[in-house]
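Report on the structure
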Amino acid sequence: MTRDEAYELLKKYTESESLIKHALAVEAAMRGYAKKFNEDVEFWGITGLIHDLDYELYPDKHPLEGVKILEENGYPVELIEAVKGHADHTNTPRQPLLAKTLYAVDELSSFIIAYILVRPNKSFEDIQLKSIKKKLKDKAFARGVDRDIIKKGAEELGVDLDEHIMTVADALVEREKELNQMGVSLV
Ligand SMILES: [Fe+2]
């Protein structure tokens, strides 16, 4: 299983550009945390990239239909358990660090991207923790993002919320530069 194969599988089931960009953002955040935790960057990235594989075609069965597809394609159990566990309603314990991290970065990545999208020129430069936190308090902003899940995710992962926000923000900034060289963008 390579990153390219995972990306192809994702695109086989996903047409929505915003969903692909969300997958890329979660991949970026997972890569950032893998570096921080000294884990397998490629594997953690793939877990992020593929986590919403079934969301477009099977929103009512998400993420269990995705789990089936991943099983059929021979993906590792640890990755599949993390994908299952990122949805609270599956009642899957998030024990491994991989699962905890996926849960912690999913909503937060979306939120930080929403924040970047409203910045002048959608800039990734000089991202300020203070302004992200201000937006988090603004209930009208990115209302689809569940703030409670962001807090719960950081708690489960055992990281301070401010540090967590900046870890994910830095990961998005770093990955955006790499993606730009491949002609892709997170925004
Ligand atoms: Fe997601």
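Above this text sits the structure in question.
Criteria and thresholds
- Residues numbered from 1 in each chain as written.
- Predicted model: local features only at pLDDT ≥ 70, side-chain atom pairs only at ≥ 80, totals over all residues.
- Heavy atoms only, no water.
- Helix = DSSP H or I, 4+ residues; strand = E, 2+ residues; numbered from the N terminus.
- Buried < 20%, exposed > 50% of the residue type's maximum accessible area, 1.4 Å probe, protein only.
- Polar contact = N/O pair within 3.5 Å; in protein donor to acceptor, adjacent residues only side chain to side chain.
- Contact = heavy atoms within 4.5 Å.
- Arc of directions from axis to C-beta.
- Axes fitted to C-alpha atoms, helices over the stretch in contact; angles between N-to-C directions.
- Parallel < 35°, antiparallel > 145°, perpendicular 65-115°, else oblique.
- Nonpolar A, V, L, I, M, F, W, Y, C, P; charged D, E, K, R; others polar.

Looking at the side chain of Thr90
Assignment of secondary structure puts Thr90 in the loop between helix H5 (77-85) and helix H6 (97-117). Residue Thr90 is classed as buried on the basis of its relative accessible area, which comes to 18%. Within the local environment of Thr90, its side chain forms a polar contact with the side chain of Thr92, the two groups lying 2.8 Å apart. Those residues within four positions of Thr90 in sequence are excluded, and the remaining contacts are Pro63, Leu64, Lys84 and Gly85.

Observations concerning helix H8 (residues 147-157)
All of the buried residues along H8 are Arg147, Ile150, Gly153, Ala154 and Leu157. On an axial view of H8, the arc spanned by its buried residues comes to 125 degrees, and they lie on one face. Along H8, the residues that are exposed and aim more than 90 degrees away from the buried face are Asp148 and Glu155. Contacts made by the buried residues of H8 are with helix H2 (17-36), H6, helix H7 (129-137) and helix H9 (161-181). One side-chain oxygen at the N-terminal end of H8 lies 2.9 Å from the backbone nitrogen of Asp148; it belongs to Asp146. Directly after H8, the chain includes Gly158, whose backbone phi takes a positive value near 75 degrees.

Considering the packing of helix H4 (residues 64-72) against H5
The description of two helices packed together rests on the angle between their axes and the distance between the axes. Following both chains from N to C, one finds H4 and H5 inclined at 170 degrees, their axes separated by 9 Å at the closest point. Our classification of the angle between H4 and H5 gives roughly antiparallel. Contacts between H4 and H5 involve Leu64, Val67, Leu70 and Glu71 on the former and, on the latter, Leu79, Ile80, Val83 and Lys84. Tallied by class, residues from the contact of H4 with H5 come to 6 nonpolar, no polar and 2 charged.

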